[in-house]
Structure formats: structure tokens, C-alpha cells
Amino acid sequence: MDRPGFIDLRSDTVTRPTPDMRRAMAEAAVGDDVMGEDPTVNRLQDHAADLLGKERALFVPSGTMANLLAFVSQARPGESILLHQDAHPFHYEGGNVAVVGGLLTRPLPGAQGKVAPETLAAAVVRSGDHHLSNTTVAALENTTNRGGGACYTPDEFAALAAVTRAHGIRLHCDGARLFNAAVATGAAPADFARHCDTVCFCLSKGLGAPAGSVLAGDEATLEEAHRYRKLLGGGMRQAGVLAAAGLHALEHHVADLAEDHRRARGFRDALEARGVAFPLPSPTNIVYIAVPGAPAAAAALAEAGVRVFATGPDRLRAVFHRDVSDEDAARAAEVFSRVLLG
Ligand SMILES: Cc1ncc(COP(=O)(O)O)c(C=O)c1O
């Protein structure tokens, strides 16, 4: 839905390619990527593998597919995976790990969408008892979507990786917003990735590309992921047009994520000063707002020109991104305070 003057805070996925990005897409050298012959896809994959310090990276259509490939490449049917109870694959990926992978999900508790090492250790099942579903993969979300955009630090990843290593299971990072975590903590993406067997990130969220994610890891796992990508219909042909947008985003848009975080902070500060309540901290670009009757409040806000999602009966979510200016953020705070406080 597109209206002039309308501010869209539903998600950072609504970002549109800039004129420079469109130019890079139009000028991309392309080939058939299913045959491994698209030079721009190959350049993106090599660049992403370098950035993350991994042997190999694979360009895939979405974050959902990146997570799914990580799970099915590292766990066999009947095995179990550990995820936070608010994790995106647990809530919003159609139960694909069960449908496609035949995997059991063990959801874990933890503040702000983060898992503590003791919680992870206590949930691992490794047993010869055939009653049980052995755990083979644990996944961490960084930043946490339903946890309010919270970040792990590299040290926290190291402590969690010590647990997965000790139990002989694999560690995956759903880094849909890994670059937000990197910008917010001052760490490099590789500082997180070095503790994980596989890691993915999305180009299509705050980085502003129209589509695409990257999954990275060791050669053998990525070879299996490549097989599953084809099996699931994720092999794209002249995908260099999309990869060019991703390369452009990595080159030109990463630092701008700090601006999104600053605008989210300013929006929250303005509303907090007027007495609005927030159920979670907002360290990056995602702000949850506590509002009784959230679906009706979202409809009233949309009527007043600001779109957000009601993510529960008493919770709204506003996500800041590169298509929201300083003026938009200030106006959104005004509209919120008028609609919510009267
Ligand atoms: C944390 C997280 N993981 C994975 C995804 C899935 O990404 P996609 O929408 O590209 O499938 C999202 C999307 O919002 C997300 O927030």
C-alpha cells in the first residue's frame, strides 16, 4: 500500500532499491548461476565468505531459505534443533523444519530473545536411548527480532559455542540482521561468525536490497546446502542482477544502519518522555510499544499515516530503516502520541 506522506514502519523489508543500486543491478555481468556461471553471484559469495571468515558462501532467495538450508544440511530427520522460543524459524517460517527436514524443535526461554549457555547446555540431548530425539544443531538469532533487536556480544557467542562444541553439536547463527548487531556492538561480522558453524544474513532488510540472503560455512556443509537449494527450487539463473544489489548494499549501506538505530532511539525517547511504555529495550532498529488493544491501535495509526504491525494483543512493533528520514521519525512520534495518548 503506497500513499504519499505515508510512513511505513512495519518492517525493514519494505526498503526499496536506490537509484545507484538500480544502476548497479542494470549493469551487472550475469550468467547461469545454477551452472555456477554468474560472475556477480560468485563475486558476492566470495565477498561474503571473506567478510564472515568462512570457506564458502551461498546466495539464496530469502532468510527463510538460508535458515532452512542450515538446518537440513546439518541435521537428519528425527533429530532435534534448539532455538529460542521467540526465534523466527519457530514462529514465522511455516514449520518448514518439520515439513521439509523432519526435525523436532526444542524451544528455549531467555530474556530479549537470547539464550544463556546454561539453558542451552541443559536442553541438549545426546543419547543412545532410541526413545529420544538427539540434538544436532542449536541456532542463535542476532539481532533478535521478537526480542526487540537485542544483540549478542562476540563473547556471549564464544560462551554458547563452548557449549555446542562440548556436546558435539553444530551452531547456526540466524543473522538476518547481523550487520545491525555488528554496527551496534562495534564488532566485525566475522567476530560473531567465527564461533558458528554456519551463519546467514539478509541483504533485503536494513541493507536495502530487493531480495536475497547469504548462508556461509564450511565447504562440506555448503555443498549439502547447495544441493538442498536446488531441491527446494531456490536455484536462480541470471541472479547476478540481484547479487549486484547485495554487493552494492554491502559496499554502501552498512554504516547507515547506525542512523536507523539513532532514529529508533529518538522515536522511543520522544514517546517515553510522554509516558508511553515499552516492554523491551530497543538497542538497534526494532521498537516494541506496549499498547492495550494493539490491533485497533495499529488500524488508527494507519489511518493517521503511520503503518506498524500489531505483534500481539497489547504490543506494536515499529522498525526503522533507510527509507525513514529524521523528519519521518519525528512525525511518527507525533502521530503515535496523538493516537495513543489523545
Ligand atoms: C530474524 C529473522 N530471521 C529470518 C527472517 C526471514 O527472512 P525472509 O523474510 O527473507 O525469509 C526474518 C525476516 O524478517 C527475520 O527477522
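A. Representation of the layout of surface pockets in the model. Roughly 310 Å³ of internal volume is contained in the largest pocket. Elements with a minimum of two residues in the lining of the largest pocket: helix 3 (63-74) and strand 11 (309-312). With three residues, the single largest contributor to the lining of the largest pocket is helix 3. Partitioned by chemical class, the residues of the lining of the largest pocket number five nonpolar, 11 polar and seven charged.

B. Inspection of the pairing of strand 8 (residues 213-217) at higher detail. Of all the five residues making up strand 8, five are buried; the element is thus mostly covered by neighbouring parts of the structure. Of the two faces of strand 8, the one carrying S213, L215 and G217 and the one carrying V214 and A216 are both buried. With five bridges connecting them, strand 2 (residues 56-60) and strand 8 associate as antiparallel partners. Across the sheet, residue A57 finds its bridge partner in strand 8, namely A216. Here strand 7 (residues 198-202) pairs with strand 8 via five bridges, running antiparallel. Residue C202 lies in a different strand from strand 8, and its bridge partner there is S213.

C. Geometry of the site of the ligand. Inspection of the region around the ligand gives S62, G63, T64, N67, H88, E93, E141, N145, D174, A176, R177 and K205 as its neighbouring residues. Within the backbone of G63, one N or O atom sits 2.8 Å away from an oxygen atom of the ligand. Between the ligand and T64, the relevant distance is 2.6 Å, taken from an oxygen atom to a side-chain nitrogen or oxygen of the residue. When the ligand is considered free in solution it has 390 Å² of accessible area, and contact with the protein chains removes 85% of it. Because more than half of its atoms lie within 2 Å of the grid, the ligand is assigned to the largest pocket. When residues in the shell around the ligand are grouped by element, the largest group, three residues, is from helix 3. Of the residues contributing to the shell around the ligand, the split by class is one nonpolar, six polar and five charged.

D. Examining the packing of aromatic side chains more closely. One pass over the structure, following the stated rule, counts five aromatic pairs. Ring geometry for F157 against F192: centres 5.5 Å apart, planes inclined by 75°, an arrangement best described as edge-to-face. Of the two residues, F157 sits in helix 7 (residues 154-167) while F192 sits in helix 9 (residues 189-193), which places them 35 residues apart along the sequence. The burial state of F157 is the same as that of F192; both residues are buried. Among the aromatic residues, those joined into a cluster by ring pairs are Y152, F157 and F192. Over the aromatic face of Y228 sits the side chain of R227, whose NZ or CZ is 4.8 Å from the ring centroid.

E. The arrangement of unusual backbone geometry in detail. Put simply, N142 and T143 share a cis peptide bond, and its omega is 5°. For T143, the position within the fold is in the loop between strand 5 (135-141) and helix 7. Of note, the phi angle at Q112 is positive, near 55°, even though the residue is not glycine. As for its placement among the helices and strands, Q112 is situated in the loop between strand 4 (104-108) and helix 6 (117-123).

F. Main features of the sheet that holds strand 4. Strand order in the open sheet formed by seven strands is 2-8-7-6-5-3-4, and the pairing between neighbours is mixed. On the outer flanks of this sheet lie strand 2 and strand 4, each paired with one strand and no other. The average angle at which neighbouring strand axes cross in this sheet is 20°, direction not considered. Across the sheet, helix 10 (residues 219-231) touches strand 2, strand 6 (170-175), strand 7 and strand 8, and the angle it forms with strand 2 is around 20°.

G. Region of interest: the pattern of salt bridges. Counted under the stated rule, the structure contains 22 salt bridges. In this structure, D32 engages R237 in a salt bridge whose closest nitrogen and oxygen atoms are separated by 3.2 Å. Here the residue D32 occupies a position in the loop between helix 1 (19-26) and helix 2 (39-52), and R237 occupies one in the loop between helix 10 and helix 11 (240-252), the gap between them amounting to 205 residues. For D32, a relative accessible area of 14% corresponds to the buried category.

Thresholds, definitions, all that
Residues numbered from 1 in each chain as written. Predicted model: local features only at pLDDT ≥ 70, side-chain atom pairs only at ≥ 80, totals over all residues. Heavy atoms only, no water. 1 Å grid on protein atoms, 1.4 Å probe; cavity = no way out; pocket = protein on both sides within 12 Å on 5 of 7 lines; lining within 4 Å. Points joined across faces, edges and corners; volume = space filled by probe spheres on them. Helix = DSSP H or I, 4+ residues; strand = E, 2+ residues; numbered from the N terminus. Nonpolar A, V, L, I, M, F, W, Y, C, P; charged D, E, K, R; others polar. Buried < 20%, exposed > 50% of the residue type's maximum accessible area, 1.4 Å probe, protein only. Pairing = 2+ DSSP bridges. Near = heavy atom within 4 Å. Polar contact = N/O pair within 3.5 Å; in protein donor to acceptor, adjacent residues only side chain to side chain. Areas by Shrake-Rupley, 256 points an atom, 1.4 Å probe, with all protein chains shown as cover. Sits in = over half its atoms within 2 Å of the grid points. Phe/Tyr/Trp six-rings, centres within 6.5 Å; stacked < 30°, edge-to-face > 60°. Lys NZ or Arg CZ within 6 Å of the ring centre and 35° of its normal. Axes fitted to C-alpha atoms, helices over the stretch in contact; angles between N-to-C directions. Contact = heavy atoms within 4.5 Å. Salt bridge = Lys/Arg side-chain N within 4 Å of Asp/Glu carboxyl O.

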